Amino acid sequence: MHLCPPPGGGRTVKWAAVEEALGIALPADYKRLVQTYGGGIFAGVLWLLEPDCPDAMYGLAVQAAEREESLAELR
């Protein structure tokens, strides 16, 4: 956190609802990271996807659906 201080004022996420919608349990460290920083991009390369992110580009459900569709097309 010394290199990248959190912006503060993190959002509340209803994790049980998110996990139910995705059909998976999300790791605790991911949840802490999202609650600390929110969705966005680090160093121009690492995307942190957040459930219900105000910026759809970093929205977990939006990006998961797009990836699923792209992978289906590749098959």
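Just above, that's the structure.
Note that this is a predicted model, so its numbers are computed, not measured. (Residues numbered from 1 in each chain as written. Predicted model: local features only at pLDDT ≥ 70, side-chain atom pairs only at ≥ 80, totals over all residues. Heavy atoms only, no water.)

A. Up close: the pattern of salt bridges. In this structure the tally under the stated criterion is one salt bridge. Where K31 meets E19, a salt bridge forms, and the shortest distance between an N and an O atom there is 2.9 Å. Of the two residues, K31 is situated in helix 2 (residues 28-37) and E19 in helix 1 (residues 15-22); the sequence distance between them amounts to twelve residues. (Salt bridge = Lys/Arg side-chain N within 4 Å of Asp/Glu carboxyl O. Helix = DSSP H or I, 4+ residues; strand = E, 2+ residues; numbered from the N terminus.)

B. Quick look at a nonpolar patch on the surface. There is a patch of nonpolar side chains on the surface, built from I41, W47 and M57 and spanning about 270 Å² of accessible area. On the secondary structure map, I41 appears in strand 1 (residues 40-42). (Patch = residues over 30% accessible without salt bridge, like charges linked within 9 Å, V, L, I, M, F, W, Y side chains within 5 Å. Areas by Shrake-Rupley, 256 points an atom, 1.4 Å probe, with all protein chains shown as cover.)

C. Structural context of the packing of aromatic side chains. All chains considered together, the criterion is met by three aromatic pairs. Ring geometry for Y37 and F42: centres 5.4 Å apart, planes at 80 degrees, overall edge-to-face. The buried category is assigned to Y37, whose relative accessible area is 18%. Ring centres of W47 and Y58 lie 5.2 Å apart, and the angle between their planes is 65 degrees; on these two criteria the pair is classed as edge-to-face. Taken as a pair, W47 in strand 2 (residues 46-48) and Y58 in the loop between strand 2 and helix 3 (60-74) lie far apart in primary sequence, eleven residues in all. (Phe/Tyr/Trp six-rings, centres within 6.5 Å; stacked < 30°, edge-to-face > 60°. Buried < 20%, exposed > 50% of the residue type's maximum accessible area, 1.4 Å probe, protein only.)

D. Just the state of the cysteines, in detail. Following the criterion strictly, the structure yields zero disulfides and no others. Free of any disulfide, C4 has its nearest cysteine sulfur in C53, 15 Å distant. The class for C4 is partly exposed, based on a relative accessible area of 32%. Exposure remark for C53: the relative accessible area of 13% places this residue in the buried category. (Disulfide = S-S within 2.5 Å.)

Geometric values such as these leave the question of function open.
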